[in-house]
Every structure is written in C-alpha cells, then in structure tokens.
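# Architecture and fold: a report
The lines below spell out each chain.
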Amino acid sequence: MFTIPFTLLLVLATFLAGALIIFFLVQKYLSFLTIEDTSHATIFSFAIGTVFGLTLAFITVSTWQNYNRLNSIVMQEATNLTTIYRSLDAFQPALRDQGTQLITSYVEKVITKEWPLMAKSQFNDQYFADFHQFQLLMLRHNPANNAELIAQQEELRLISEYYKLRIERITTSKAALDYSMTLTLCLGAFIFILYHSLYAMPKRRDHILMISLLAISLGLIYFLIVCHNTPFSGPNAIQPDELNRILELWKIDSLK
C-alpha cells in the first residue's frame, strides 16, 4: 500500500517528467507552431486556464466532499451501533446476551472481512447475516413490560437508520470519478501543458523552469484527487478506527 509521502512524490515526479517530455517534443517537432507572446495569445491562455481550472476545482472539491461524507457515515455507524448495544441493557439477560453476541460478531466481520473487500470495490452480503439475525431477534421478541416495549421500539428505529447508513457506505465505496471524468482530467492537463510549451521565450532555461513549476502545481492538485478519489483504498483510505474502538469498549464491558 502506498504511503502519502510516496504517493505525493510519485505524482509530482510523473507530472514533472510528463511535462518536460511534452516540452522537448514540442520544441523539437512542433516548432513551426510556436506562439508569439502577444495580447491575443495571452487572452487565449487565460481562457484555457480558466476553463481547465474551473473543471479541476469542481472535481477536486467533489472528491473531497464525497470523502468527508463517507468518513462521517462511518462515524455515524459507530455511534448508531453503540446506541443499539447499550439499549440491550433494558432486556432480560437471555435476550441481551444473545443480542450482544450477534452485534459483536457482526462488527468483527465488518472490520476483518468487509473492509478489505470495500478496498477492492467489492461486496459480499453474507457478512450482514449476524445483523439481520439481530433484527429478527428484536422483531420476534415479546416484551415482558413497558420498559422492554419502549426499548424494542427504539432498537427497531435504530436498526432502520443503520440500514440506510450501511447501504450508503457500501454503494459509494467505489471510486468517485468514472472513466469519462478521469479522461477529461488527463486530456485537460495535457492540453494545458502543450499550449504553454508552444510559447516563444527568449531564454529556454526560463521556459523549462516555468513549465516545471506549472507541472508541479498541477501535480499537487492531482495528488489531492488521487488521495480522495477512492475513499476506502489508496494512501488516505478511511479505516474502521471508530468500529475498532467501540468493539474494544464492548469487550471490556463483557469482562465486567
């Protein structure tokens, strides 16, 4: 698995190398297309930069928001499961122990089995079996008193809410950008670098320096997209830390 520093260096190196290759190829084979530094060329350069910049900004913000939303969903799941677990104290020991076992087993499978699958954008419904059994347990239970009746109704409400959170996490675990968006980003960067490589400058050294800095700037933005495009895989993947934490607390409770 790539770390964040390694991924950053890889993305920057790729953009820098790609931009310099484009620059030298343009200078060698497309010199007849050289653009003089005039007011018209400046206007076109500004227009291309604005269009590409807006597209890049929109995609970057979109992937960042999607990443934060999924991270929030995972935290909501942990909170919801904790409330479900604590509410079991209102029931008789037999049902409480059975419910505790089912929900604990479910969380363990989510962490050890389901999370690695989500990193591959895959899903297996069998890991939901324990939680489904827990739901059936609550539905079929005949409350012994009003306290259990209220607790049962609350548990069923929380289960319904958890279904929504889980489905949203599963269905949005794939990459935020599809093929067309990725292609647009790659072609946009290529055209942007190509256009600025066509400019005629008095000193070639200055031109190379400016192209290099432009490539590194683009690489930084693309690095953010790479880190947040696949929320459950990659260098900045969302981890089940909250679920691990509540599972540890539950195990401590069971020892008391």
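Above this text sits the structure in question.
Just so it is clear, the model here is predicted, and its values are computed rather than measured. (Residues numbered from 1 in each chain as written. Predicted model: local features only at pLDDT ≥ 70, side-chain atom pairs only at ≥ 80, totals over all residues. Heavy atoms only, no water.)

## Quick notes on the side chain of H196
Here H196 shows up in helix α6 (residues 179–197). Looking at H196, its side chain comes within polar contact range of the main-chain oxygen of F192, at 2.9 Å. Residues in contact with H196, not counting those within four places in the same chain, are S45, H207, I211 and L214. (Helix = DSSP H or I, 4+ residues; strand = E, 2+ residues; numbered from the N terminus. Polar contact = N/O pair within 3.5 Å; in protein donor to acceptor, adjacent residues only side chain to side chain. Contact = heavy atoms within 4.5 Å.)

## Topic: the packing of helix α1 (residues 4–29) against α6
Packing of α1 against α6 brings their axes to within 9 Å, and their N-to-C directions diverge by 45°. Considering their axes alone, α1 and α6 lie oblique with respect to each other. Read as a crossing pair, α1 and α6 show a hand that is right-handed. Of α6, the residues touching α1 (which contributes F15, A19, I22, F23, V26 and Q27) are A189, F190, I193, L194 and S197. Here the contact of α1 with α6 is built from residues that sort into nine nonpolar, two polar and no charged. (Axes fitted to C-alpha atoms, helices over the stretch in contact; angles between N-to-C directions. Parallel < 35°, antiparallel > 145°, perpendicular 65-115°, else oblique. Left-handed = near helix turned anticlockwise from the far one by under 90°. Nonpolar A, V, L, I, M, F, W, Y, C, P; charged D, E, K, R; others polar.)

## Considerations on the pattern of salt bridges
Going through the model one piece at a time under the given rule, you end up with eleven salt bridges. Residue R157 pairs with E161 through a salt bridge whose shortest N-O separation is 2.5 Å. One end of the pair, R157, and the other, E161, are both in helix α5 (residues 146–171), four residues apart, so they sit about a helical turn from each other. Overall, the relative accessible area of 38% leaves R157 in the partly exposed class. E242 is the salt-bridge partner of R245, the closest N and O atoms lying 2.9 Å from each other. Here the residue R245 and the residue E242 both occupy positions in helix α8 (residues 241–255), the gap between them amounting to three residues, near one helical turn. Among the residues examined, R245 registers a relative accessible area of 43% and is labelled partly exposed. Through salt bridges that share partners, E77, E114, R166 and R169 make up one connected network. (Salt bridge = Lys/Arg side-chain N within 4 Å of Asp/Glu carboxyl O. Buried < 20%, exposed > 50% of the residue type's maximum accessible area, 1.4 Å probe, protein only.)

## Re the nonpolar core
Ranked by size, the top nonpolar core spans 36 residues in total, and within it L81 and L243 carry the most contacts. Looking at this core, the elements with two or more residues in it are α2 (39–87), α3 (93–119), α4 (129–140), α5 and α8. Sequence-distant contacts of L81, defined by excluding residues within four places in its chain, comprise I103, Y106, V107, F131, Y162, L243, I246 and W250. Counting residues in hydrophobic clusters, the runner-up holds 26 residues, among them I22, F23, L56 and A215. (Core = buried A, V, L, I, M, F, W, Y, C linked by side-chain atoms within 4.5 Å.)

## Some words on α1
Its 26 residues give α1 an end-to-end C-alpha distance of 37 Å, which sits within 8% of 38 Å, the value for a rise of 1.5 Å per residue. Buried within α1 we find T7, V11, L12, F15, A19, I22, F23 and V26. Buried residues in α1 make contact with α6 and α7 (204–229). (Expected span 1.5 Å × (residues − 1).)

## With respect to the packing of aromatic side chains
Under the defined criterion, the tally for this structure stands at 15 aromatic pairs. Taking the centre distance of 5.4 Å and the plane angle of 35° together, the rings of F52 and F192 count as tilted. Note that F52 is positioned in helix α2 and F192 in helix α6, a separation of 140 residues in sequence. Just as F52 is buried, F192 falls in that class too. (Phe/Tyr/Trp six-rings, centres within 6.5 Å; stacked < 30°, edge-to-face > 60°.)

## Concerning the state of the cysteines
Applying the stated criterion across every chain, the model contains zero disulfides. With no disulfide partner, C186 has as its closest neighbouring cysteine sulfur the one in C227, 16 Å distant. Note on C227: relative accessible area 3%, which makes it buried. (Disulfide = S-S within 2.5 Å.)

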